[in-house]
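In case you want the letters, here they are:
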Amino acid sequence: MRVGSDADLTIWDPAPSWTIEQKHHLGIAGFHALRRMGGAGRPWMTLLRGQVLLDGGTLEQKPGHGRFLARTNPMAPLGGSVR
């Protein structure tokens, strides 16, 4: 790491178990393929560019925090085209 560089970090709590429900998702489809499936663990804290976004499971991120990245055309694989 260099002085002045940012660190993105998520601290994960492996203990909680939960069930995936539609109300946990923001999609407009009205269903979720993984609904009623069990999950284990939850993010406990997330730091992005030195700012706390999630603290103890509570979202601290303010509206407008993100930045729009325009979509680009697909790129060829690093090893060359696949045939």
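Because the structure is a prediction, the values reported are computed rather than measured.

(A) Examining the pairing of strand 3 (residues 51–55) more closely. Looking at chain direction, strand 2 (residues 38–48) and strand 3 are connected through 4 bridges and run antiparallel. Bridge assignment links threonine 46 to a residue of strand 3, and that residue is leucine 54. Between strand 2 and the antiparallel strand that follows it, strand 3, lie 2 residues; arginine 49 among them carries a positive phi value of about 50°. Bridge count between strand 3 and strand 4 (residues 58–59): 2 bridges; the pairing is antiparallel. The residue of strand 4 that forms the bridge with leucine 54 is leucine 59.

(B) Representation of the sheet that holds strand 1 (residues 9–19) in the model. If you trace the 4 strands from one edge of the open sheet to the other, you get 1-2-3-4, paired in antiparallel fashion. Whereas interior strands pair on both sides, the edge strands pair on one side only; in this sheet they are strand 1 and strand 4.

(C) Up close: a nonpolar patch on the surface. A contiguous nonpolar patch, built from Leu9, Ile11 and Trp44 and spanning about 270 Å² of accessible area, is present on the exposed surface. With respect to the helices, strands and loops of the structure, isoleucine 11 is situated in strand 1.

Scoring rules and cut-offs
- One numbering rule holds for all chains: residues counted from 1, following each sequence as written.
- For this predicted model, a pLDDT threshold of at least 70 governs which residues receive local features, and a threshold of 80 or more governs which side-chain atom pairs are given and counted, while totals over whole chains, interfaces and linings are taken from all residues.
- Excluded from the side-chain calculations are hydrogens and water; all other atoms, namely the structure's heavy atoms, are used.
- Here, a strand pair is defined by DSSP locating no fewer than two bridges between the strands.
- Helix numbering and strand numbering both begin at the N terminus, where a helix is a DSSP run of H or I of at least 4 residues and a strand a DSSP run of E of at least 2.
- Distance thresholds for patches are 9 Å for like charges and 5 Å for nonpolar side chains (Val, Leu, Ile, Met, Phe, Trp, Tyr), applied to residues having over 30% relative accessible area and no salt bridge.
- Computed with the Shrake-Rupley method and a 1.4 Å probe, the accessible areas treat only the protein chains shown as cover for residues.
- Take a side-chain nitrogen of Lys or Arg and a carboxyl oxygen of Asp or Glu: if they are within 4 Å of each other, that pair is a salt bridge.

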